[in-house]
Amino acid sequence: MTDTRRPRPAVPRSASAPRSPRPAVPRSVRAAAAALALSGLLAVSACSGGAEPVREAGPAVTAEPAALSPTATPTGSPTGGVVPLTPAVEAQLDDAIKKVMSEVSIPGVIVGYTTPDGSYQRTFGVADKNAGTPMSPDLYMRIGSVTKTFTATGILRLVDQGKLGLDDPISKYVPDVPGGDGITLRQLGEMRSGLFNYTLDPGFQQAFFSDPNHPFTPNQLLAYAFKHPANFAPDAKFEYSNTNLILLGLVVEKVGGQPLQEFLNQQVFTPAGLGKTSLPADAAFPSPHAHGYTNQTESGAVEDSTTWNPSWAWAAGAVISDLADLQTWSKVLATGEPLLKPATQAERLKFKSVGDTPDLGYGFGVFTTHGWIGHNGSLPGYESVVIYLPQAKASLAILLNTDILHNGSEPSTFLARAITQIVSPNNVYTLPTPPGSASPTASPSPTGSPTASPTGSPTPLVSPTETMPATPTGTPTLHVA
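Residues numbered from 1 in each chain as written. Predicted model: local features only at pLDDT ≥ 70, side-chain atom pairs only at ≥ 80, totals over all residues. Heavy atoms only, no water.

Draft legend 1. Here's a closer look at the side chain of Q187. Following the sequence through the fold, Q187 ends up in helix α6 (residues 185-189). A relative accessible area of 13% places Q187 in the buried class. Not counting chain neighbours up to four residues away, the residues in contact with Q187 comprise G182, R192, S193, P234 and D235. (Helix = DSSP H or I, 4+ residues; strand = E, 2+ residues; numbered from the N terminus. Buried < 20%, exposed > 50% of the residue type's maximum accessible area, 1.4 Å probe, protein only. Contact = heavy atoms within 4.5 Å.)

See the structure below:
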């Protein structure tokens, strides 16, 4: 899914009535949650829980238990039906979003929902808490692990051009990858390589948290990962790892013959009609943009992470975009048009289970949850959800300027669930809360089973069944998705 910054401080209850920061999460706990991931997607693979019936569209949909219950599992199979966007439904959406923002303490939100029969576009809250600047739909935002969908598409473009194959070993393109002869490009994109996630390495965490403006190169990031043995044999299971996307980014550069940002601009962003989407080479952030707020800091206090250098996330989570581009991208990602041949797009959408949770799967750099296809992202200060419901030709993009967890779940998950409960009650976006993270300030055992989260997702996406290595006390853990 994604995710770049320091330990997490508390988030204000709302733009007008901020609350004081909650205590910093013990750093050993953050180690179990650090990764540029699908903010909570992989959490699914690691958790199970009681199901909650889907509420019918209507006033009850915005009730607090529904809006603030990311682990509830919808009943009924996905049908693709969506509720017409009447004034009453739009009012419900307004109320539900405001309620989640207040309960989860989100400074600002940008939402775009479109079907062939209508569209809903809203902004709520502030883009800058100090200046009180309101959010607006034209703001540039960091999107975290939604970046993975672009890098994976770069690989698929090269497949269409006959320059590589998904079942090629990574050793054919990148030397010195441990076990590289037995790890395929497909397994990297499907998060089934078994390679250690570099964002969980204590040395990387120390380097990042001591200086969030520090620039990292892809090879430096891989060095952190390759100090560790593989977590399992290739294709044995699913485990979200940002290391996979760094390797795929290097493959795009080598085979494509140019820097990743230039390749994506020429072969993905531009032909897809994404004029405001870019992969920065440094901390550059086009204006106008929203300020991002995180408690992933050494002190645990909330800080403004707007200018932090996302080089550590690179091909896994450093892309910048805006609402209009991401709504366009949701359809391109889910259908492949106009970028990919149908057969190649079909390879992308070969979803495999990420655990015991039904209706949740991961393909080649993309996930599906209850009929919706897309990805989420999270990195210090920012989160995103970009999804498409093919049966209804409905797109949904959500952008927010905080990554501070609420009861162990990504704030973007609460928003996406509340919105889809209203507009697509048979297809409710659901990413379960990671086990043991019901309380963000609790101190679970270092060997407890963690879950994943998108690079962008501040909660690391990890194997549904694997445990995360402990991080030494005193070292914050990077929570990214």
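Draft legend 2. Representation of helix α14 (residues 411-423). Over its 13 residues, α14 runs 19 Å from end to end, which matches the ideal 18 Å to within 8%, given 1.5 Å per residue. The buried fraction of α14 is high, at 13 of 13 residues. (Expected span 1.5 Å × (residues − 1).)

Draft legend 3. Structural view of the side chain of R157. As for its placement among the helices and strands, R157 is situated in helix α5 (residues 147-160). No salt bridge forms around the buried R157; measuring N to O, its nearest opposite-charge neighbour D160 is 6.0 Å away. In this view, R157 contacts Q267, V268, P271, L339 and L340; residues no more than four positions away in its chain are not counted. (Lys, Arg positive; Asp, Glu negative; His and termini not counted. Salt bridge = Lys/Arg side-chain N within 4 Å of Asp/Glu carboxyl O.)

Draft legend 4. Local environment of the sheet that holds strand β11 (residues 372-379). An order of β3-β2-β1-β13-β12-β11-β10-β9-β8 is seen for the 9 strands of this open sheet, with the pairing classed as antiparallel. Two strands lie at the open edges of the sheet, namely β3 (133-134) and β8 (352-353), each paired on one side alone. Note that strand β12 (residues 382-389) and strand β13 (residues 394-400) share 7 bridges and pair antiparallel. Bridging from a neighbouring strand, I387 pairs with L396 of β13. Against the sheet, helix α4 (residues 87-104) engages β1 (108-115) and β2 (118-128), with an angle of about 25° to β2. (Pairing = 2+ DSSP bridges. Axes fitted to C-alpha atoms, helices over the stretch in contact; angles between N-to-C directions.)

Draft legend 5. Region of the structure containing unusual backbone geometry. That bond from S287 to P288 is cis: its omega, 0°, falls within 30 degrees of zero. Position of P288 among the secondary structure elements: in the loop between α10 (260-269) and β5 (293-294). Cis geometry is adopted by the peptide bond preceding P338, which originates at E337 and carries an omega value of 5°. Along the chain, P338 turns up in the loop between α12 (323-335) and α13 (342-348). The phi dihedral of S105 is positive, around 65°, even though this residue is not glycine. Within the secondary structure, S105 sits in the loop between α4 and β1. Phi is positive for D235, which is not a glycine, with a value near 70°. Tracing the backbone shows D235 in the loop between α8 (218-226) and α9 (242-256).

Draft legend 6. Inspection of the environment of P271 at higher detail. Within the fold, P271 resides in the loop between α10 and β5. Sequence spacing of P271 and P338 is 67 residues, and the spatial spacing of their C-alpha atoms is 7.6 Å.

Draft legend 7. Structural context of the packing of aromatic side chains. Tallied over the entire structure, the rule returns 15 aromatic pairs. Ring geometry for F204 and Y224: centres 5.6 Å apart, planes at 70°, overall edge-to-face. Of this pair, F204 sits in helix α7 (residues 202-210) while Y224 sits in helix α8; the two residues are 20 residues apart in sequence, bridging distant segments of the chain. By the burial criterion, F204 is buried, and Y224 matches it. In textbook terms, an aromatic cluster arises when at least three aromatic residues are bridged by ring pairs, as seen for Y198, F204, F208, F209, F216, Y224, W308 and W312. A cation over a ring is seen here: R142 above F285, with NZ or CZ 4.2 Å from the ring centre. (Phe/Tyr/Trp six-rings, centres within 6.5 Å; stacked < 30°, edge-to-face > 60°. Lys NZ or Arg CZ within 6 Å of the ring centre and 35° of its normal.)

Draft legend 8. Molecular detail of α4. With 18 residues, α4 extends 26 Å between its outermost C-alpha atoms, agreeing within 8% with the 26 Å of an ideal straight helix rising 1.5 Å per residue. Inspection of α4 places V89, Q92, L93, D94, A96, I97, V100, M101 and V104 among the buried residues, and these make up the whole buried set. Trailing α4 by a residue or two, S105 shows a phi angle of about 65°, which is positive.

Draft legend 9. Main features of the packing of α5 against α9. Where α5 contacts α9, the axes come no closer than 9 Å and their chain directions differ by 40°. In this view, α5 runs oblique relative to α9, as classed from their interaxial angle. Our pair here, α5 against α9, has a crossing hand that is left-handed. Side by side, α5 and α9 meet where K148, T151, G154, I155 and L158 of the first sit next to N242, L245, L248, G249, V251, V252, V255 and G256 of the second. Counted by class, the contact of α5 with α9 contains 7 nonpolar, 5 polar and 1 charged residues. (Parallel < 35°, antiparallel > 145°, perpendicular 65-115°, else oblique. Left-handed = near helix turned anticlockwise from the far one by under 90°. Nonpolar A, V, L, I, M, F, W, Y, C, P; charged D, E, K, R; others polar.)

Draft legend 10. Examining the pattern of salt bridges more closely. Tallied over the entire structure, the rule returns 10 salt bridges. Residue R122 pairs with E90 through a salt bridge whose shortest N-O separation is 3.4 Å. With a gap of 32 residues between them, R122 in strand β2 and E90 in helix α4 connect regions that are remote in the sequence. Judged by its relative accessible area of 25%, R122 falls in the partly exposed class. Across the salt bridge formed by D235 and R192, the nearest N and O atoms sit 2.8 Å from each other. Residue D235 is located in the loop between α8 and α9, and its partner R192 is located in the loop between α6 and α7; the two are separated by 43 residues in the primary sequence. Relative accessible area serves as the criterion here: at 32%, D235 is assigned to the partly exposed category. By relative accessible area, which is 12% here, R192 ends up buried.

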